[in-house]
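Descriptive analysis of the structure
Okay, here's what each chain looks like letter by letter:
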Amino acid sequence: MLRKSQKFASLLVLLAAVGLATSSIASGHGDEKHDNSRVPLPKHSITKGDKCVEPTDVMRKSHMEFILHHRDKTVHQGIRTKQHSLKNCVNCHADPETKSVLGKDGFCESCHTYAAVSIDCFSCHTDKANASKQTMRPIDAIGQKVIAITGGEK
Amino acid sequence: MSVSRRDFMAMGAAATAGAAIAPGIRLIELAQAKSPEEAVTAAQRWGLLIDTNKCNKGCTSCVDACHTENGIDHEQLKGSDATKPQWIRKVEVKDPNTGYEHSLPVMCQHCQEPPCVDVCPTGASFKRADGIVLVDRHICIGCRYCMMACPYKARSFEHEDITGQKEYAPRGKGTVESCTMCVHKVDRGDGTTACAEACAKEGHNAILFGDLNDPKSEIAQTVRSKATRRIREDLNLDNSVRYIGI
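Described in the following lines is the structure provided in the data block. (Residues numbered from 1 in each chain as written. Chains lettered and ligands numbered in written order. Predicted model: local features only at pLDDT ≥ 70, side-chain atom pairs only at ≥ 80, totals over all residues.)

Once that is clear, we can look at the interface of chain A and chain B. It is common to give the size of an interface as the accessible area that goes away when the parts come together. Contact with chain A, which involves 15 residues of that partner, is made by 19 residues of chain B. The element contributing the most residues to the side of chain A that touches chain B is helix H2 (residues 56-77) of chain A, with four residues. Residues that form the side of chain A that touches chain B fall into these classes: four nonpolar, eight polar and three charged. (Contact = placed C-beta atoms within 7 Å. Helix = DSSP H or I, 4+ residues; strand = E, 2+ residues; numbered from the N terminus. Nonpolar A, V, L, I, M, F, W, Y, C, P; charged D, E, K, R; others polar.)

This is the structure we're talking about:
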């Protein structure tokens with residue numbers, strides 16, 4: 001016969017299991033539903049180019065390895081080929097409106113959210129296409145004074 | 001026809017000289033712009049020569065250019081000025097005996113015996129084959145040993161989240177960063193750095209960038225003909241950044 005404390009413990013385990021099951025069912029109801037799936041499917045709107053640098057199934061499975069090898073070659077040996085560079089990924093796959101691969105429907109983020117894999121790339125790398133061609137931040141009060149004094153010349 | 005031993009030797013010498021000066025044949029291959037798929041080699045050794053006599057007190061165009069080029073925006077950061085990243089800074093020095101004052105830019109000195117590389121526990125701090133000292137921020141754990149080891153106070157720790165990075169200059173929270181000698185420009189074959197460009201644009205021409213290994217480059221010729229010094233020469237770190245007038 002089970003002792004009192006053992007009974008209590010088994011009841012707790014049962015309660016926890018029931019709780020987990022209900023919460024996982026609840027979380028399955030996403031905001032959007034596609035193809036009767038419980039989880040919103042990632043959106044892949046490809047606007048640029050005919051095909052990727054590798055076949056799609058290869059890229060889906062191994063894109064992280066391509067970027068990993070390329071980053072080491074670039075940083076340590078100065079090899080800056082375009083084929084597997086992150087910069088090239090972003091320039092091609094960025095959303096034409098937001099110019100970014102992040103965001104709800106962003107090429108990288110939508111799929112990574114679906115797969116529940118966090119992306120580390122963009123805490124350091126820019127997620128924007130052609131980031132260096134972007135305009136600078138607006139001129140502030142100090143900048144205005146400098147322009148007034150120098151007449152805009154450096 | 002008989003040839004004396006002396007004549008034979010003379011003919012041989014002439015033939016060798018001819019081969020050496022024949023067009024297209026060089027004993028030492030000249031430095032050329034690297035194609036993107038080529039790895040950097042020790043054939044080049046990039047360096048900077050700073051003439052402090054030409055450097056103006058109060059002028060910060062090299063610092064500003066560095067910030068613009070590498071996407072460093074101090075106004076974006078909330079922390080104190082002491083913790084904001086500083087890849088290049090202007091230092092004012094004064095000789096207490098004579099009262100002579102001058103100012104000079106100090107950045108990573110790109111040592112060939114770098115203490116930051118010696119102390120790095122992960123191998124993130126490294127020296128490229130062409131002499132540029134860099135941080136591989138993919139493997140930097142942000143321990144800041146390199147910052148303690150550097151005698152030039154050249155490295156900065158990134159304390160805050162950053163947005164709006166340049167595509168060629170990734171930077172992020174929790175890692176150490178420093179002057180890269182504009183490595184993206186070097187690899188592209190620009191033949192200059194943002195600071196040297198800005199200094200020349202201001203008309204000071206105090207910063208000269210070039211290949212110390214190429215005997216024909218301006219920097220190599222200048223260091224051969226003028227007295228140059230390195231900061232803390234006593235440490236024998238073999239810096240790639242040299243100064244005139246200190």
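Continuing now.
Core analysis: the largest hydrophobic core is formed by 48 residues, its most contacted members being Ile50, Cys62, Cys195 and Ile207 of chain B. When residues of this core are traced back to their parent elements, those giving at least two are strand E1 (46-51), helix H2 (61-70), strand E3 (101-107), strand E5 (133-135), helix H5 (183-188), helix H6 (194-201), strand E8 (207-211) and strand E9 (241-244) of chain B. Considering each element in turn, this core owes the most residues, five residues, to H6 of chain B. Contact partners of Cys195 of chain B, with chain neighbours within four places excluded, come to Cys62, Ala65, Cys66, Ile88, Pro105 and Ile207 of chain B. If you look at the next biggest cluster of nonpolar residues, it comprises eleven residues, including Leu86, Cys89, Val101 and Ala129 of chain A. (Core = buried A, V, L, I, M, F, W, Y, C linked by C-beta atoms within 7 Å. Buried ≥ 20, exposed ≤ 12 C-beta atoms within 10 Å, placed from the backbone.)

Residues and elements named next belong to chain B. Between H2 and H6, the shortest axis-to-axis distance is 8 Å and the interhelical angle comes to 135°. One way to sum up the angle between H2 and H6 is to call them oblique. Of the two possible hands of crossing, H2 and H6 adopt the one that is right-handed. Residues Ser61, Cys62, Asp64, Ala65, Cys66 and Glu69 of H2 lie in contact with H6, whose contacting residues are Ala194, Cys195, Glu197, Ala198 and Cys199. Considered class by class, the residues forming the contact of H2 with H6 number seven nonpolar, one polar and three charged. (Axes fitted to C-alpha atoms, helices over the stretch in contact; angles between N-to-C directions. Parallel < 35°, antiparallel > 145°, perpendicular 65-115°, else oblique. Left-handed = near helix turned anticlockwise from the far one by under 90°.)

All right, on to the sheet that holds E8 of chain B then. All names here are of chain B. In space, the three strands of this open sheet follow the order E8-E1-E9, with mixed pairing throughout. Every interior strand has two partners, whereas the edge strands, E8 and E9, have only one. Averaged over all neighbouring strand pairs, the angle between strand axes comes to 20°, with direction disregarded. Sheet topology note: the E1/E9 ladder contains four bridges and is parallel. Note on E9: the bridge partner recorded for Ile50 is Tyr243. Seen against the sheet, helix H7 (residues 218-225) touches E1, E8 and E9 and runs at an angle of roughly 110° to E8. (Pairing = 2+ DSSP bridges.)

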